[in-house]
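Each chain is listed here by its residues.
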Amino acid sequence: MTMSAQQYVSSVLEKLIAKNPGELEFHQAAKEIMSSLELVIERHPEYIEANLLERFAEPERVVIFRVPWVDDMGRVQVNRGFRVQFNSAIGPYKGGLRFHPSVNLGIIKFLGFEQILKNSLTGLPIGGGKGGSDFDPKGKSDNEVMRFCQSFMTELYRHIGADIDVPAGDIGVGGREIGYLYGQYKRLTGQYTGVLTGKGLAYGGSLVRKEATGYGLIYFVDEMLRANGKGSFDGKKVVISGSGNVAIYAHEKATSMGAKVIAMSDSNGYIYDPNGVNLDTIKEIKEVNRQRISEYVKTHPHATYTEGCLGIWNIPCDIALPCATQNEIDATAAKTLVKNGCIAVGEGANMPSTIEATDIFLESGVLFGPGKAANAGGVATSALEMSQNSQRYMWTFEEVDAKLKNIMVNIFHAADEAAKEYNRPGNYVVGANIAGFQKVAEAMMQQGVV
């Protein structure tokens, strides 16, 4: 008996959950992606014959390793490192490294799985991967971070390369960490190659890389607003969760387009400034002094600080940009945003909205830009950095920014067109999943059973 698309997807999900117990974030990402792909499987029964989805959902390689290092008190510490090389059908593995206490295999697999589609959507030849460690750089000295990064790279270097796997930064991994990681890679291999992206400008980095995810998010959401007759960022009130790279540069670009950012947060709490959050102050607090966002009210007494970061979604706004971490917007927060008149949500973080929250936005007619599409600017610019490294060349800020904007506009329209083609107009979750998957699926089919 021939299996239907629904039966096939259900069986793949059932096996995936059984084989990966306890990996809840990976299960969540798989359910969200697979439910969209039923529509593609219906049109391509040959994918069932090739068991394409089960191969697609199984990483090509998973590396887990011990990371011993010595702290400033001379004590030996041990963390766990991960690299999931998920899919190389369209290019070398590409995806960030996350250093955060919450990191586990399930989170890295969810991020890597999403990364396959995100990278495909950029239109650039890069596959999907992700990595990281449960190491927490917060509160550590530069020397402790350096020693950890050197130990981490002493194992990771065996598995990466400019044409094999090119890691980048993510939560907890910024320019400092990339520098230490790259220095150790070069020391171990004797090679000066584009094996890491997010590098400093002095040694092969790209202009706009620091700003890329935040800028790209705004370019995507702005195009989404315009295409749906909702104007632009001009005159809109915006709430941004987080205060890292993505949040800071989303603020910068949205403000330059005429928006007013009225709230931002960190893992401890959030600030509300009805006059507009002062970006220079946030940059000084977060990028220069590495302090908590509560410091903001000391120099801006008209603003308020509230403990607990999730309450930020109670602030009425036109546009919500979750840029902190996964599952920060649940069903309750989504209902509050809808009730308060929010017209658009753009995910700057990876999977910051639960499936229930996403459904509420879509059912309520709120424009919703899923992370794999809306925050693809970071990896897109990482791929542009790879191109510059290959050419031994450096483009200007304006050249890279123009390429980034073009990529983000193209991603929106690819998702929009796929949604319409599969009779789900306006559903950019389905559109992004399908548009990203089609290219990877075609490549996998052409390359045989590998």
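Small disclaimer: the values here were computed from a predicted structure and weren't measured.

Procedures and definitions
- Residues numbered from 1 in each chain as written.
- Predicted model: local features only at pLDDT ≥ 70, side-chain atom pairs only at ≥ 80, totals over all residues.
- Heavy atoms only, no water.
- Helix = DSSP H or I, 4+ residues; strand = E, 2+ residues; numbered from the N terminus.
- Buried < 20%, exposed > 50% of the residue type's maximum accessible area, 1.4 Å probe, protein only.
- Contact = heavy atoms within 4.5 Å.
- Areas by Shrake-Rupley, 256 points an atom, 1.4 Å probe, with all protein chains shown as cover.
- Patch = residues over 30% accessible without salt bridge, like charges linked within 9 Å, V, L, I, M, F, W, Y side chains within 5 Å.
- Salt bridge = Lys/Arg side-chain N within 4 Å of Asp/Glu carboxyl O.
- Phe/Tyr/Trp six-rings, centres within 6.5 Å; stacked < 30°, edge-to-face > 60°.
- Lys NZ or Arg CZ within 6 Å of the ring centre and 35° of its normal.
- Pairing = 2+ DSSP bridges.
- Axes fitted to C-alpha atoms, helices over the stretch in contact; angles between N-to-C directions.
- Polar contact = N/O pair within 3.5 Å; in protein donor to acceptor, adjacent residues only side chain to side chain.
- Expected span 1.5 Å × (residues − 1).
- Bend = angle between axes of the 7 residues up to and from the residue.
- Lys, Arg positive; Asp, Glu negative; His and termini not counted.
- Charge placed at Lys NZ, Arg CZ, Asp CG, Glu CD.
- Core = buried A, V, L, I, M, F, W, Y, C linked by side-chain atoms within 4.5 Å.

Undergrad: Can you tell me about the overall build of the protein chain, naming the residues and giving the values?
TA: Along its length, the protein chain carries 17 helices and 12 strands. Oriented by its inertia axes, the alpha-carbon framework of the protein chain measures out at about 70 × 55 × 45 Å. Put simply, the protein chain has 450 residues, and 56% of those count as buried. The contacts in the protein chain between residues at least 6 apart in sequence include a share of 71% that link residues at least 24 apart. Total accessible area on the protein chain is roughly 18000 Å²; 49% of this is exposed by carbon and sulfur atoms.

Undergrad: Can you lay out a nonpolar patch on the surface for me, pointing to particular residues and giving the numbers?
TA: Where nonpolar side chains cluster on the molecular surface, the patch consists of Val70, Val76 and Val78 and spans about 260 Å² of accessible area. Overall, the relative accessible area of 35% leaves valine 70 in the partly exposed class.

Undergrad: Before we move on, can you summarise the pattern of salt bridges with the specific residues and values?
TA: A complete count under the given rule lists 21 salt bridges for this structure. With a closest N to O distance of 3.1 Å, aspartate 71 and arginine 75 form a salt bridge. Classification of aspartate 71 as buried rests on a relative accessible area of 6%. In this structure, a network of salt bridges that share partners links the residues Glu32, Glu114 and Lys372.

Undergrad: A description of the packing of aromatic side chains should follow, citing residues and the corresponding values.
TA: Counted under the stated rule, the structure contains 21 aromatic pairs. Considering the side-chain rings of phenylalanine 135 and phenylalanine 148, the 3.9 Å spacing of their centres and the 5 degrees angle between planes classify their relative orientation as stacked. Of the two residues, phenylalanine 135 sits in the loop between β4 (127-133) and α6 (142-156) while phenylalanine 148 sits in helix α6, which places them 13 residues apart along the sequence. Accessibility assignment for this pair places phenylalanine 135 and phenylalanine 148 in one class, buried. Here the aromatic cluster, defined as three or more aromatic residues joined through ring pairs, consists of Phe26, Tyr47, Phe56, Phe86, Phe113 and Phe437. The ring of tyrosine 422 carries arginine 43 above its face, with NZ or CZ at 3.9 Å from the centroid. We note lysine 253 situated over the ring of tyrosine 215; from NZ or CZ to the ring centre the distance is 4.4 Å.

Undergrad: Hey, could you go over the sheet that holds strand β2 (residues 76-87) for me, with residue numbers and the actual values?
TA: Strands sit in the order β1-β2-β4-β3-β5 across an open sheet of 5 strands; the sheet is mixed. Each edge of the open sheet is held by one strand with a lone partner, namely β1 (61-70) and β5 (165-169). Across the sheet, the axes of successive neighbouring strands diverge by a mean angle of 20 degrees, strand direction being ignored. As paired elements, strand β3 (residues 93-99) and β5 share 5 bridges and run parallel to each other. Pairing of tyrosine 93 across the sheet is with aspartate 165, part of β5.

Undergrad: I'd like a description of the side chain of glutamate 177, backed by residues and values.
TA: Looking at the element boundaries, glutamate 177 is found in helix α7 (residues 175-189). Overall, the relative accessible area of 4% leaves glutamate 177 in the buried class. One polar contact links glutamate 177 to arginine 176, side chain to side chain, over a distance of 2.9 Å. Contacts of glutamate 177, omitting those with residues within four sequence positions, involve Phe99, Pro137, Val145, Cys149 and Gly172.

Undergrad: Can you lay out helix α2 (residues 24-43) for me, pointing to particular residues and giving the numbers?
TA: Under the 1.5 Å per step criterion, the end-to-end length of α2 is 30 Å for 20 residues, consistent within 8% with the ideal 28 Å. Along α2, the helix axis deviates most sharply at leucine 37, where the bend reaches about 35 degrees. The element α2 is extensively covered by neighbouring structure, given that 14 of its 20 residues are classed as buried.

Undergrad: Break down helix α15 (residues 377-391) for me, with residues and values.
TA: Helix length check: α15 (15 residues) gives 21 Å between terminal C-alpha atoms against 21 Å at 1.5 Å per residue, within 8%. When you tally the buried positions in α15, you get 12 out of 15 residues, the bulk of the element. Among the residues making up α15, those that are buried are Gly377, Gly378, Val379, Ala380, Thr381, Ser382, Ala383, Leu384, Glu385, Met386, Gln388 and Asn389. The inward-facing, buried residues of α15 contact β3, α5 (105-121), β5, α8 (212-227) and α16 (397-421). Following α15 by one or two positions, arginine 392 adopts a phi angle in the positive range, close to 55 degrees.

Undergrad: Summarise a negative patch on the surface; cite the residues concerned and give the values.
TA: A cluster of like negative charges, contributed by Asp330, Glu356, Asp359 and Glu363, occupies part of the molecular surface. Within the element layout of this structure, glutamate 356 appears in helix α13 (residues 355-363). Glutamate 356 sits in the partly exposed class, given a relative accessible area of 48%.

Undergrad: Mind laying out the nonpolar core, listing which residues take part and the relevant values?
TA: Counting 100 residues, the largest nonpolar core has Leu53, Phe56, Phe113, Leu321 and Phe437 as its most contacted members. When residues no more than four places from it in sequence are discounted, the contact partners of phenylalanine 113 are Phe26, Ala29, Ala30, Ile33, Met34, Phe56, Ala57 and Phe86.

Undergrad: Describe the sheet that holds strand β12 (residues 367-369), naming the residues involved and giving the relevant values.
TA: Strand order across the open sheet formed by 7 strands is β9-β8-β7-β6-β10-β11-β12, with mixed pairing between neighbours. One side of each edge strand has no neighbouring strand; the edge strands of this open sheet are β9 (304-307) and β12. Ignoring strand direction, the axes of neighbouring strands in this sheet form an average angle of 15 degrees. Summarising the sheet, strand β6 (residues 237-241) and strand β7 (residues 260-265) pair through 3 bridges and their orientation is parallel. Pairing of valine 238 across the sheet is with valine 261, part of β7.

Undergrad: Give me the lowdown on unusual backbone geometry, citing residues and values where you can.
TA: One non-glycine residue, valine 208, lies in positive phi territory at about 80 degrees. Counting through the fold element by element, valine 208 comes out in the loop between α7 and α8. Even without being glycine, arginine 392 reaches a positive phi, approximately 55 degrees.

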